[in-house]
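# Residue-level structure breakdown
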Amino acid sequence: MYPRAFEYFAVGTVREASELLAHYADEARVLAGGQSLIPLMKLRLANPSHIIDIGNILGLDYVEEVDGALHVGALATHAAVLEFADVREGWPLMADAVSVIGDHQVRNWGTVGGALAEADPAGDWGAVILALKARIRCASSRGERWLAAADFFADAYTTQLATDELITEIVFRAPKRSSAGAYLKLERRAGDFAVVSVGVQLSLTEAGLCEEASIALAAAGLTPIYAEEAASFLAGKELRSDVIDEAARRVAAATQPLSDIRGSEDYKRAAAQALFKQAVEVAVRRSRGVTVEAAHGR
Amino acid sequence: MAAKRRIRVTINGQIYEHEVEPRLLLIDYLRDVAGLLGTHYGCDTTSCGACTIIVDGRSAKSCTRFAVQADGQEILTVEGLACDGRLHPIQEAFRDHHGLQCGFCTPGFLMTALAFLSETPDPSKDQIREVLAGNLCRCTGYQGIVDAVEDAATRLKTGTRKRGNAGSAAGAKPLMR
């Protein structure tokens, strides 16, 4: 399997990349780690005539904590995020999700910015940025702007990035006290894209009330989905089983799954409910300081 | 055809310089241009891991990289493991634990495991199974492979044998301990 022939540019700065993107517009694609784009090109699902390789831009592969918030450079690899010890501590939902992206080799080279820009409906990062309400910093030769995660995805494989824009950074706010999250993925076999997956982030009061909840799903529609109705229903409630059951029904109602090789619409909806309930349980235990491994479904 | 690019790559400690078409995949550069046939084509879809090599110390599927991306990088392939006719400790461990049968997937397993052991010298069996998830073997049932990697960890820590050029080709992180 071979991609169509293309012109190749290795750029050293974001500005250079943006200028080339402005010039070649839809004929160009940005190459970072290549773990999403190269398979698409080999299958000829993507056929760019110009490739702009940003893999050598220096200083864009950081993962660092700044005033409690997590800053991830667009060129940080999935592996680099996992290796950053504070991620497991402060953003366990992210650690759960990133640990099941592709396989070890893919995580070594695939980048956070690349995965988000690809906007695969089943991609794990999309649900992570929605559940954690991240902000995405974008740059072009015209300047910079920030997009909220909720505004980032337009359609399957389509983002709100302008033709000449690149993701440069993703920022996750500092976790609230006594908050925790979990991300559970159902996959047919290790390393596959999700059948469906659910990320839940909860913050609890000392009395055990759910102060705030956010819930996001991957592989449950054409874009990652934020389950607003379920999240707002949980706010201010005690997490009794009947409350969680009702929230799970609302999670299922928020999904718009498509029947495909990974399962039927009904199956994915049922799986989303089951994963949601498990994720709530894991998040609650973690918020109490218990170390819990996410048991992904296989 | 798109304009060719000149690349300079270090493979197993030796420098290679060629003009390549941008769409040339790294695996084809290794096999057809550099003439190193130890890196195998399996699925060609980033699934099976037979084409795994080590790039700047990190395992990579060479069917999912362009050769132009390797410009200036250091690559280690299975040919860089044995030295003077003597197997590398990880190869000996695979032989001793029946970590292979037909051998087709073996170069990929060796390279994934070697890069992993350089970062994680004392892995648990679960960690080994997890890291090998991107490599498929249709012969062994994996038990022998997991045992081999576990034993290789011990051999690499205690090994005093004269070794090949793996260390120099490993990039930023030493592959041998």
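For clarity, every value in this text was computed on a predicted model and none was experimentally measured.

Scoring rules and cut-offs
Residues numbered from 1 in each chain as written. Chains lettered and ligands numbered in written order. Predicted model: local features only at pLDDT ≥ 70, side-chain atom pairs only at ≥ 80, totals over all residues. Heavy atoms only, no water. Helix = DSSP H or I, 4+ residues; strand = E, 2+ residues; numbered from the N terminus. Buried < 20%, exposed > 50% of the residue type's maximum accessible area, 1.4 Å probe, protein only. Contact = heavy atoms within 4.5 Å. Areas by Shrake-Rupley, 256 points an atom, 1.4 Å probe, with all protein chains shown as cover. Lys, Arg positive; Asp, Glu negative; His and termini not counted. Charge placed at Lys NZ, Arg CZ, Asp CG, Glu CD. Buried area = accessible area lost by both parts, 1.4 Å probe. Salt bridge = Lys/Arg side-chain N within 4 Å of Asp/Glu carboxyl O. Polar contact = N/O pair within 3.5 Å; in protein donor to acceptor, adjacent residues only side chain to side chain. Nonpolar A, V, L, I, M, F, W, Y, C, P; charged D, E, K, R; others polar. Phe/Tyr/Trp six-rings, centres within 6.5 Å; stacked < 30°, edge-to-face > 60°. Lys NZ or Arg CZ within 6 Å of the ring centre and 35° of its normal. Pairing = 2+ DSSP bridges. Axes fitted to C-alpha atoms, helices over the stretch in contact; angles between N-to-C directions. Parallel < 35°, antiparallel > 145°, perpendicular 65-115°, else oblique. Left-handed = near helix turned anticlockwise from the far one by under 90°. Domains from an automatic or database assignment.

The subject of this paragraph is the overall build of chain A. Within chain A, the secondary structure is distributed over 11 helices and 14 strands. Burial status across chain A gives 56% buried among its 298 residues. In chain A, of all internal contacts separated by at least 6 residues, the share reaching a separation of at least 24 is 62%. On chain A, roughly 12400 Å² of surface is accessible, and the fraction owed to carbon and sulfur atoms is 49%. In chain A, 30 side chains carry a positive charge and 40 a negative one; their mean positions are 5 Å apart.

Before going further, it helps to examine the overall build of chain B. Within chain B one finds 5 helices and 5 strands. For chain B, the α and β elements follow one another from N to C terminus as β-β-α-β-β-β-α-α-α-α. Within chain B, buried positions represent 55% of all 177 residues. Contacts spanning at least 24 positions in sequence make up 59% of the contacts within chain B whose residues lie at least 6 apart. A total of about 7300 Å² of accessible surface is found on chain B, and carbon and sulfur atoms cover 48% of it.

Here we come to the interface of chain B and chain A. With 33 residues of chain B at the interface, the matching set in chain A holds 30 residues. Carbon and sulfur atoms supply 54% of the area that chain B and chain A bury against each other, a total of about 2700 Å² over both sides. In this assembly, chain B and chain A are joined by 3 salt bridges. For the pair chain B and chain A, the number of links is 14 residue pairs in polar contact (both at pLDDT 80 or more). Within the residue set of the side of chain B that touches chain A, elements represented by two or more residues are strand E3 (52-55), strand E4 (58-61) and helix H4 (125-131) of chain B. The element best represented in the side of chain B that touches chain A is E4(B), accounting for 4 residues. The class makeup of the residues in the side of chain B that touches chain A is 13 nonpolar, 11 polar and 9 charged.

Right, let's get into the packing of aromatic side chains. This model, assessed by the stated rule, comprises 5 aromatic pairs over all chains. Centre to centre, the rings of A:Trp125 and A:Phe172 are 6.3 Å apart; their planes meet at 40°, and the pair counts as tilted. Highlighted residues: A:Trp125 in helix H8 (residues 124-131) and A:Phe172 in strand E10 (residues 166-172), separated in sequence by 47 residues. When the ring of B:Phe109 is compared with that of B:Tyr142, the centres are 6.3 Å apart and the planes differ by 55°; the resulting orientation is tilted. Residue B:Phe109 is located in helix H3 (residues 106-119), and its partner B:Tyr142 is located in the loop between H4 and helix H5 (143-158); the two are separated by 33 residues in the primary sequence. On the basis of relative accessible area, B:Tyr142 is assigned to the partly exposed category, the value being 23%. Taking the ring centre of A:Phe233 as reference, the NZ or CZ of A:Lys237 above it sits at 4.1 Å. We note B:Arg58 situated over the ring of A:Trp109; from NZ or CZ to the ring centre the distance is 3.9 Å.

Moving on to unusual backbone geometry. Residue and element names in this part refer to chain B. With phi around 50°, Asp-84 is a residue other than glycine that occupies positive phi space. One can find Asp-84 in the loop between strand E5 (74-76) and helix H2 (89-96). Relative accessible area serves as the criterion here: at 68%, Asp-84 is assigned to the exposed category.

Looking now at the environment of B:Leu87. The topology assignment puts B:Leu87 in the loop between E5 and H2. Put simply, B:Leu87 and B:Ala115 are 28 residues apart on the chain and 17 Å apart in space, counted from C-alpha to C-alpha.

In this structure, A:Ser18 sits in helix H1 (residues 14-24). With residues near it in sequence (within four places) discarded, A:Ser18 still touches A:Ser140, A:Ser141, A:Asp164 and A:Leu166.

The strands making up a sheet are joined through hydrogen bonds of the backbone, oriented either antiparallel or parallel. Residues and elements named next belong to chain B. One open sheet accounts for 5 strands, arranged E2-E1-E5-E3-E4; its pairing is mixed. Strands at the two margins of the open sheet, each flanked by one partner only, are strand E2 (14-20) and E4. Sheet twist, expressed as the mean angle between neighbouring strand axes with direction ignored, is 40°. Relative to E2, strand E1 (residues 5-11) is paired through 7 bridges, and the arrangement is antiparallel. When the bridges of E2 are listed, Arg-8 appears paired with Glu-17.

A word on the sheet that holds E10(A). All names here are of chain A. With antiparallel pairing, the 5 strands of this open sheet are ordered in space as E4-E5-E10-E6-E7. Only two strands of the sheet have a single partner each, and these edge strands are strand E4 (63-66) and strand E7 (143-148). Across the sheet, the axes of successive neighbouring strands diverge by a mean angle of 25°, strand direction being ignored. The sheet strands contacting H1 are strand E6 (135-140) and E10, and the helix crosses E10 at an angle near 130°.

Residue and element names in this part refer to chain A. At a minimum axis separation of 9 Å, helix H10 (residues 241-254) and helix H11 (residues 265-287) run at an interaxial angle of 140°. Here H10 lies oblique to H11, going by the angle between them. The way H10 lies across H11 gives a crossing that is right-handed. Residue-level contacts link Ile-244, Asp-245, Ala-247, Ala-248, Arg-249, Val-251 and Ala-252 of H10 to Arg-269, Ala-272, Gln-273, Phe-276, Lys-277 and Val-280 of H11. Grouping the constituent residues of the contact of H10 with H11 by class yields 8 nonpolar, 1 polar and 4 charged.

Residue and element names in this part refer to chain A. When its domains are assigned, chain A resolves into domain 1 (7-53), domain 2 (63-172) and domain 3 (179-287). The centre of domain 2, based on its C-alpha atoms, is set 20 Å off from the matching centre of domain 3. At the junction of the two partners, domain 2 supplies 21 residues and domain 3 supplies 25 residues. Carbon and sulfur atoms supply 63% of the area buried between domain 2 and domain 3, which totals about 1900 Å² over both sides. Where domain 2 packs against domain 3, one counts 3 salt bridges. Where domain 2 packs against domain 3, one counts 9 residue pairs in polar contact (both at pLDDT 80 or more). Broken down by secondary-structure element, the contributors of at least two residues to the side of domain 2 that touches domain 3 are helix H5 (92-98), H8 and strand E8 (153-155). The greatest single-element share of the side of domain 2 that touches domain 3, amounting to 5 residues, is contributed by H8.

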